[in-house]
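Observations on chain architecture
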Amino acid sequence: MKISLYLFPFVHPQLQHVVAKMTLFDTLLFYVIHFVDKFGAWHRLPVLLGMFYLGIRRHLHQRYNLFEVGSGHSTSGSATGRKYDTEEFCYRTADGKCNHPGNHVIGSQGTFIGRNMPPSTSDYGLLDPHPSVVATKLLARKKMIDTGEQFNMIASSWTQFMIHDWIDHLEDTQQVELSAPHEIAGACPLKSFKFFKSKSVSTGEPDVKFGFLNTRTPWWDGSVIYGNDGEGMRKVRTFKDGKLRIGGDGLLEHDDKGIPISGDVRNCWAGFSLLQALFVREHNVVCDMLKEHYSDLNDEKLYRHARLVTSAVTAKIHTIDWTVELLKTDTLLGGMRVNWYGLLGKKVKDLFGHIGVPILSGLVGLRKPKDHGVPYSLTEEFSSVYKMHSLLPDNLILRHISKSTNPNYECPPVSEEVPMTEMAGKVGERILSKIGMEQMLVSMGHQASGALTLWNYPSWMRNLIPHDIDGEELPDPVDMAALEIYRDRERGVARYNEFRRNLLMTPIGKWEDLTDDREAIKALREVYGEDVEKLDLIVGLHAEKKIKGFAISETALFIFLLVASRRLEADRFFTTNFDPETYTEKGLEWVSKTENMKDVIDRHFPGMTAKWMRCSSAFSVWSAPPDKTNYIPLILRPAT
Ligand code: HEM
């Protein structure tokens, strides 16, 4: 046993094997967070101390929770990547190639999805307990539970908008059929359903023997609107003045089959396609602005610069607006702003640029990208914690927005409720074009999203027709709640307790450690008996008692903490090349001036938020009162 374990014998016994791998210095750091965790206290600490705790955690996760998958395989960057001229490729390529400075393949479409921990070592089978039983007894919505004023439908659509920028598992051609056991079949909308297996690729490695491929580019490169390869990119471009195709009504154009023309059209619905259209418009106005200032730029150059700028705008909104609303505490507000601007804040960064120290000037603008020795990719665990379908309601509530003025803010009245099933796919596109973008945005702004808690998984998703990557309906409906349980097990994602141990978190010993809710404990016992090790990840994340202000679990947060920073610091275009030569002077100014989603909405719909939005962030329910403004220390306060 290592000396450090003698020094700290009171580390939780189930975490000692993790600590045994650490250096003495990291063991000391681990001890600090473990001590704080024992009292469940980090989120109650003063802001700077809370951020210090998260900083230690992030460091430890960077050291012990990044695993490359398939390093020797023919699709991996490590095996086939070559050096290239970074100056020649000073733009985001169509398929994500040529971003890593020394390896042209890393992070491109079709590469392996990485891991934050080894594949699960548990012996439980794929059907233990049966996914349909778990879905029916623990996930299925009984009655819609919403997030109150915290998170609205723009925020939940934004989540999907980001996922479709980052990650999607390649599927096999082989189908699996899942039939609900007799005792539960009557309560399942689908007694049996078929779906394609995830395509498992042998890595030839002893530790991580198999892996899965990402059909999207994992960089924060806006592929959700620009496409994931050359063909996708050509479809969306006009090849004039750098612009992307957009319909005359400001919504996405459609092909002959009624499928929207955009970067990613899989499993789309009207709220998601609305955000695609909004950011296509953003791209196009960036092109106008660039053309006005740099008249010598041709179509290709305008496209490249505008893509960089628009992608950076989405990354910034996600970092300092969306995440802050999702994790509504002073500590996370401070932490996310530090990720972008650093402790010295926006004004200092605008004046002096990046001073070379990430904690002081943020991750964006670092001189060199940093991947902590593991080639960049997104991860299986990241995809699992981002499966937040409980955010979706049963109906979309449409509002009247006919009033010409609204000086003292009055909530727009409800006009009708449309089932979410009708808002999906081609039908949803038709409804959206009737409603129009303005009414849809105001309506989504006023509707709370569902809460990430047990018994809140949308019933309509338990009988869902999925779409393929071309936006075409697949023949077989699926029970998404049961499928999600199956997917984690199929991909070797650790179950809840193993997941926590691997994330240096204290595992639960009994159901009461997870939740105080007696009804939940009873149902958990019914499904898993007393075996807490069996608990599926997604069920644990939904059942976990939430920190005040958090819409997600603390367990999910620690994956976010690691991956959110990595998306910025591993990307050449947010670090070395976040500069005027690559973005243009005016392009960087555009990113700097855009602080949040409200700014983008105001740009395209002047007066909309002044008239219809009472709250501070476009991601919280628009009728909510504004936030107090002075609740964080001066050094971290947003610039006014
Ligand atoms: C109407 C809206 C939506 C529909 C119809 C939909 C449908 C689907 C379907 C069919 C899958 C593939 C399931 C499988 O075969 O494994 C999927 C995957 C996924 N969805 Fe959604 N979804 C919607 C909204 C959202 C939202 C709001 C989120 C929020 C985070 C989300 C996150 C994800 C994630 C993370 C995956 C896994 C992607 C991967 O790694 O392969 N989806 N969704």
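These numbers were taken from a predicted model, which means no experiment stands behind them.

**Notes on the overall build of the chain**
- Broken down by element type, the chain carries 28 helices and six strands.
- Its C-alpha atoms give the chain a radius of gyration of 24 Å, within 12% of the compact-globule value 26 Å for 640 residues.
- Dimensions of the chain, computed from the C-alpha atoms along their principal axes, are close to 65 × 55 × 55 Å.
- Expressed as a percentage of its 640 residues, the buried residues of the chain come to 50%.
- Counting only contacts in the chain whose residues sit at least 6 apart along the sequence, the fraction spanning at least 24 positions is 72%.

**Some points on the nonpolar core**
- Counting 152 residues, the largest nonpolar core has Leu139, Trp158, Leu274, Val309, Ala481 and Phe619 as its most contacted members.
- The element best represented in this core is helix 12 (residues 299-326), accounting for 13 residues.
- Counting the residues that make up this core, at least three belong to each of domain 1 (1-69) and domain 2 (70-636).
- In contact with Phe619, other than residues within four places in its own chain, are Phe151, Asn152, Ile154, Ala155, Trp158, Asp321, Trp322, Glu325 and Met597.

**Describing the domain arrangement of the chain**
- Entries for the chain in the domain assignment read domain 1 (1-69) and domain 2 (70-636).
- Measuring from the centre of the C-alpha atoms in domain 1 to the corresponding centre in domain 2 gives 28 Å.
- Of the residues lining the interface, 21 residues belong to domain 1; the matching set on domain 2 comes to 34 residues.
- With nine residues, helix 4 (residues 47-64) is the single largest residue contributor to the side of domain 1 that touches domain 2.
- When grouped by side-chain class, the residues that make up the side of domain 1 that touches domain 2 number ten nonpolar, seven polar and four charged.

**Regarding the site of the ligand**
- Residues in contact with the ligand amount to 22 residues; listed here are only the nearest, Gln160, Asn267, Trp269, Ser383 and Pro466.
- Contributing elements (two or more residues each) for the shell around the ligand: helix 7 (153-166) and helix 20 (480-490).
- For the shell around the ligand, the leading source of residues is helix 7, giving four residues.
- Residue classes in the shell around the ligand are distributed as twelve nonpolar, seven polar and three charged.

**Considerations on unusual backbone geometry**
- The omega angle of the peptide bond from Asp128 to Pro129 is -15°, so this bond is cis rather than trans.
- Within the fold, Pro129 resides in the loop between helix 5 (77-80) and helix 6 (131-139).

**Quick word on the packing of helix 11 (residues 270-293) against helix 26 (residues 585-593)**
- Closest axis-to-axis distance for the helix 11/helix 26 pair is 9 Å, and the angle between their directions is 140°. Considering their axes alone, helix 11 and helix 26 lie oblique with respect to each other. The chirality of how helix 11 crosses helix 26 is right-handed. Where helix 11 abuts helix 26, its residues Val286, Met289, Leu290 and His293 lie against Lys586, Gly587 and Trp590.
- Partitioning the contact of helix 11 with helix 26 into residue classes produces four nonpolar, two polar and one charged.

**Considering helix 7**
- With 14 residues, helix 7 should reach 20 Å at 1.5 Å per residue; the first-to-last C-alpha distance of 20 Å fits that figure.
- By the criterion of burial, helix 7 is predominantly enclosed, with 14 of the 14 residues buried.

**Description of the environment of Leu29**
- Tracing the chain through its elements places Leu29 in helix 3 (residues 24-38).
- A residue is classified by how many C-beta atoms lie within 10 Å of it, and Leu29, with 18 of them, is partly exposed.
- Once the C-alpha coordinates of Leu29 and Leu541 are considered, the two residues, 512 residues apart in sequence, prove to be 26 Å apart.
- With near-sequence residues (within four places) excluded, Leu29 lies in contact with Ile56, His59 and Leu60.

**A closer look at the packing of helix 3 against helix 4**
- Axis separation between helix 3 and helix 4 bottoms out at 10 Å; the angle between their running directions is 130°. It follows from the interaxial angle that helix 3 and helix 4 lie oblique. Where helix 3 crosses over helix 4, the two elements pack in a sense that is left-handed. Facing Asp26, Leu29, Phe30, Val32, Ile33 and Val36 of helix 3, the residues of helix 4 in contact are Tyr53, Ile56, Arg57, His59, Leu60 and Arg63.
- When its residues are assigned to classes, the contact of helix 3 with helix 4 shows eight nonpolar, one polar and three charged.

**Details of the environment of Cys98**
- Here Cys98 shows up in the loop between helix 5 and helix 6.
- Take Cys98: there are 23 C-beta atoms within 10 Å of it, and that puts it in the buried class.
- Linking Cys98 and Gly81, residues 17 residues apart in sequence, is a C-alpha distance of 9.4 Å.
- Excluding residues that lie within four positions of it along the chain, Cys98 makes contacts with Tyr84, Phe89, Thr93 and His104.

**Comments concerning the confidence of the model for the chain**
- Per-residue confidence for the chain gives a mean pLDDT of 94; residues scoring 70 or more make up 97%.
- At the level of chain-chain contacts, confidence expressed as ipTM amounts to 0.95, with global pTM at 0.96.

Rules used throughout
- Residues numbered from 1 in each chain as written.
- Predicted model: local features only at pLDDT ≥ 70, side-chain atom pairs only at ≥ 80, totals over all residues.
- Helix = DSSP H or I, 4+ residues; strand = E, 2+ residues; numbered from the N terminus.
- Rg over C-alpha atoms; globule rule 2.2 N^0.38 Å.
- Buried ≥ 20, exposed ≤ 12 C-beta atoms within 10 Å, placed from the backbone.
- Contact = placed C-beta atoms within 7 Å.
- Core = buried A, V, L, I, M, F, W, Y, C linked by C-beta atoms within 7 Å.
- Domains from an automatic or database assignment.
- Nonpolar A, V, L, I, M, F, W, Y, C, P; charged D, E, K, R; others polar.
- Near = placed C-beta within 6 Å.
- Axes fitted to C-alpha atoms, helices over the stretch in contact; angles between N-to-C directions.
- Parallel < 35°, antiparallel > 145°, perpendicular 65-115°, else oblique.
- Left-handed = near helix turned anticlockwise from the far one by under 90°.
- Expected span 1.5 Å × (residues − 1).
- pLDDT = per-residue confidence, 0-100.

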